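# A closer look at the structure
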Amino acid sequence: MSDGAPAAATVDGFFRHLADGLPQGLLVHRGGRPLYANPAAARVFGFADPDALIATGSLETLLPAIGSGWQSDTTTRRVAARRRDGTPILIDLRAGAVDWADGGAEALTIVDVTQRETSDAALRDSEASYRRLFENIPDGVFRITEDRQLLEGNPALLKMLGFDSLDELRTALAQPDHCTFVDPDGWDRVVAELKNSGQVRDQQAQWRCRDGEVIWVMLNMTVAPGAGGSELVFEGNAVEITEQRNAQLSLIHAKEAAELANRAKSEFLAHMSHELRTPLNCVIGFSQILMNEMFGPLGRDSYREYAHDINTAGNHLLGLISDILDISKIEAGELEIFDAPVDVGGLLVNCLTMMRDRADAAGITVGVEFDHDLPELLADELRLKQIVLNLLSNAIKFTPAAGRVRVSAFVGDDGGMVIVVADTGVGIAPEDLERVLAPFEQVRSATTLTHEGTGLGLYLAKTLAEMHDGCIEIESELGKGTTVSVHLPPARTLDTPVNSGRRTATRQAVD
């Protein structure tokens, strides 16, 4: 500056005009005492205007570095500072000597970089976190171009494929004859799907490792955001699923083997049932001849009793064989339903008539009830009768003497036919209700151990009901009895009732 006062004043006015408009902070001091501050500097240190900053008389609190061996130079340095309220900040500081009105001074250019430094630190932390995640995630993660140039790959990917370094894997992928995919067209299909939909989700593929081992992987890939130019970049991850895939294949093979064994069992049972029924019919027929003494007296009553025992046992065995044959047909999908109009009331009466001798022998009262205008049912009469007979047989079998068994039929609220068999027998525990509907299952207890049976009755009734698009419901209480309801759909209820009047039948068994 000039030594003359007028010139200094002119320069000072011009200097202030320029400095006050600068976006950077500008501060002039001498020995830590502020001489000039522009508005930007005042804002950096939290003052309302430059005069308030200058009025503090010292910069040591705001800029501690000035009081600790500060050396002026033209290098930009990042130093710690404080705002007026004590808040710590970071500033980029550049210092230089200047002539001031009454002697030498130091000019400081100040830029507040606190927010920038915080953002940069957060960005560095974030990048470090993602890098750690990338390096440590157990899935294989990669970035790759359409022509198989590997841009990035994490350690899990290298381990999965058997490579020691990323450069080794890059070199291998660059070879024309190398293909990670066992299927030579596998990569092309992945690229085509990425170009078409922008992503690949849960795609299973076979990869060949460095040592030739083949593994199964699950791929998920997307087109990299912001990938520019003609070269497409894909990001993705690969999860090895070899063990899961092998386990799945083992389950499939085991299932197929079980189904094959089940079919073989069903075919064997069906064949053996047919083979057994032929001689058994002869046994039953000849025992019937002996019982009736069709060709003359047997001579002793015991022979007639033995013939009766043979006939009873033969019929029982024939019933079991017939049940097993039906199950074999059901499991083989060979049992057919032949629908026709059925007089349900007449069928119930017929079934009860067939079971009366057994009920009489057990000292059980049986009865049947239905409305006179009960409509006909579209069903297979033979199979419907089989359902009712199985349910009646079970009810009589597990009802003690002097008990009651009742069979009834009515149209439910939904328009479907309901057939109910109720008894006052031993009942079934709640935990056994589901089990008794399985084949060859029978609840064993002190009250049922003496009863014969294979546990097929309820299963057959349930299966035959389902073949009619219906279902079975069981309500039971130990010591009080069981009620089994067969629900058939409304579509099987015909509009035409059987006008045979109200038919009921009850019978008291005799000792």
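Residues numbered from 1 in each chain as written. Predicted model: local features only at pLDDT ≥ 70, side-chain atom pairs only at ≥ 80, totals over all residues. Heavy atoms only, no water.

## Structural notes on the pairing of strand S2 (residues 33-37)
Convention followed: Residue burial is assigned from relative accessible area. The probe radius is 1.4 Å, only protein chains are included, and a residue is buried under 20% of its type maximum, exposed over 50%, and partly exposed in between. A helix here means a DSSP run of H or I that spans at least four residues, while a strand means a run of E at least two residues long, and both kinds are numbered starting from the N terminus. Strands are treated as partners if at least two bridges between them are detected by DSSP.
When you tally the buried positions in S2, you get four out of five residues, the bulk of the element. Sheet analysis places strand S1 (residues 25-30) next to S2, joined by four bridges and oriented antiparallel. Residue pairing across strands places His-29 opposite Pro-34, the latter belonging to S2. In this antiparallel pair of consecutive strands, S1 and S2, the connection spans two residues, and Gly-31 shows a positive phi of 65 degrees.

## Let's talk about the sheet that holds strand S7 (residues 150-153)
For the record, the criterion: Interaxial angles span 0 to 180 degrees and are taken between N-to-C directions of axes, which are lines fitted to C-alpha atoms, for helices over the stretch in contact. Two residues form a contact once any of their heavy atoms are found within 4.5 Å.
Taken together, the five strands give an open sheet; going across it, the order is S7-S6-S10-S9-S8, and neighbouring strands pair in antiparallel fashion. Both edges of this open sheet fall to S7 and strand S8 (199-208), since each of them pairs with a single strand only. On average, each strand axis in the sheet is inclined to that of its neighbour by 25 degrees, with strand direction left out of account. Where S8 meets strand S9 (residues 214-223), eight bridges bridge the pair, whose relative direction is antiparallel. In the strand pairing of S9, Gln-204 is matched with Met-218. With respect to the sheet, helix H6 (residues 166-174) is in contact with strand S6 (140-145) and S7, its orientation differing from that of S7 by roughly 145 degrees. Sitting on the sheet, helix H7 (residues 186-197) touches S6, S8, S9 and strand S10 (233-240), and the angle it makes with S8 is about 170 degrees.

## Here's the deal with the packing of helix H11 (residues 381-397) against helix H12 (residues 457-467)
Here is the rule: Each angle is binned into one of four classes, with values under 35 degrees roughly parallel, values over 145 roughly antiparallel, values of 65 to 115 roughly perpendicular, and all other values oblique. By definition, turning the near helix anticlockwise from the far helix through less than a right angle yields a left-handed crossing, and turning it clockwise yields a right-handed one. Three residue categories are used. Nonpolar comprises Ala, Val, Leu, Ile, Met, Phe, Trp, Tyr, Cys and Pro, charged comprises Asp, Glu, Lys and Arg, and polar comprises the others, including Gly.
It is the contact of H11 with H12, at a shortest axis distance of 9 Å, that shows an interaxial angle of 150 degrees. With respect to their mutual orientation, H11 and H12 come out roughly antiparallel. Where H11 crosses over H12, the handedness of that crossing is left-handed. Of the residues in H12, those touching H11 at Arg-383, Gln-386, Ile-387, Asn-390, Leu-391 and Asn-394 are Gly-457, Leu-458, Leu-460, Ala-461, Leu-464 and Ala-465. Here the contact of H11 with H12 is built from residues that sort into seven nonpolar, four polar and one charged.

## Considering the sheet that holds strand S3 (residues 77-82)
Reading across from one edge, S2-S1-S5-S4-S3 is the order of the five strands in this open sheet, with antiparallel pairing throughout. Looking along the sheet, the strands with just one partner apiece sit at the ends: S2 and S3. Across the sheet, the axes of successive neighbouring strands diverge by a mean angle of 40 degrees, strand direction being ignored. Pairing between strand S4 (residues 88-100) and strand S5 (residues 103-112): ten bridges, direction antiparallel. When the bridges of S5 are listed, Arg-94 appears paired with Thr-109.

## Here's the deal with the nonpolar core
Side chains of nonpolar character tend, in soluble globular proteins, to be buried together. We apply this condition: Definition used in this section: a nonpolar core is a set of buried Ala, Val, Leu, Ile, Met, Phe, Trp, Tyr and Cys residues joined via side-chain atoms within 4.5 Å.
Membership of the largest hydrophobic core comes to 47 residues, with the highest contact counts inside it found for Leu-348, Leu-384, Leu-392, Val-407 and Ile-419. Counting residues per element, this core draws most heavily on H11, at eight residues. Excluding its chain neighbours within four sequence positions, the residues that come into contact with Ile-419 are Val-344, Leu-348, Leu-384, Val-388, Val-407, Ser-408, Ala-409, Val-484, Ser-485 and Val-486. Formed by 26 residues, the second largest nonpolar core is a distinct cluster that contains Phe-142, Leu-161, Ala-172 and Leu-194.

## Points about the confidence of the model for the protein chain
Our working rule: Confidence per residue, as judged by the predictor, is encoded in pLDDT with a range of 0 to 100.
Residues at a pLDDT of 70 or more form 87% of the protein chain, whose mean pLDDT is 82. The secondary-structure element of the protein chain with the lowest mean pLDDT is strand S19 (residues 505-507), recorded at 36, while strand S15 (residues 417-423) shows the highest, at 97. The model gives residues 499-511 a pLDDT under 50, and that stretch makes 35 contacts with residues more than four places away or in other chains.

## So, the packing of helix H10 (residues 344-362) against H11
It is at 10 Å that the axes of H10 and H11 come closest, and there the two elements cross at 35 degrees. Considering only the axes of H10 and H11, their crossing is right-handed. Between H10 and H11, the residues in contact are Leu-347, Leu-348, Asn-350, Cys-351, Leu-352, Met-354, Met-355, Arg-358 and Ala-359 and Glu-381, Leu-384, Lys-385, Val-388, Leu-389, Leu-392, Ser-393 and Ile-396, respectively. The class makeup of the residues in the contact of H10 with H11 is twelve nonpolar, two polar and three charged.

## A look at the environment of Asp-339
Going by this rule: Polar contact is the term for a pair of N or O atoms within 3.5 Å; when the atoms are in protein, one must be able to donate a hydrogen and the other to accept it, and sequence-neighboring residues count only if both atoms are side-chain atoms.
Along the chain, Asp-339 falls in the loop between helix H9 (301-331) and strand S11 (340-342). In sequence terms Asp-339 and Ala-379 are 40 residues apart; their C-alpha atoms lie 4.5 Å from each other. Side-chain polar atoms of Asp-339 contact the side chain of Arg-492, separated by 3.0 Å.

## Section: H11
Here is the rule: By this rule the span expected of a helix is its residue count minus one, scaled by 1.5 Å.
With 17 residues, H11 extends 24 Å from end C-alpha to end C-alpha; this agrees with the ideal 24 Å at 1.5 Å per step. Within H11, 13 of the 17 residues are buried, which leaves it mostly tucked inside the rest of the structure. Measuring from the side-chain oxygen of the N-cap residue of H11 to the backbone nitrogen of Leu-382 gives 3.1 Å; that N-cap residue is Asp-380.

## Concerning the pattern of salt bridges
Note the following rule: We count a salt bridge whenever a side-chain nitrogen from Lys or Arg sits within 4 Å of a carboxyl oxygen from Asp or Glu.
The final tally for this structure, using the stated rule, is 15 salt bridges. A salt bridge links Lys-462 to Glu-466, with the nearest nitrogen and oxygen atoms 3.1 Å apart. A residue pair is termed a helical-turn pair when its members lie 3 or 4 positions apart in one helix, as Lys-462 and Glu-466 do in helix H12 at four residues. The class for Lys-462 is partly exposed, based on a relative accessible area of 25%. Each of Asp-164, Glu-168 and Arg-210 takes part in salt bridges that share partners, so that together they form one network.

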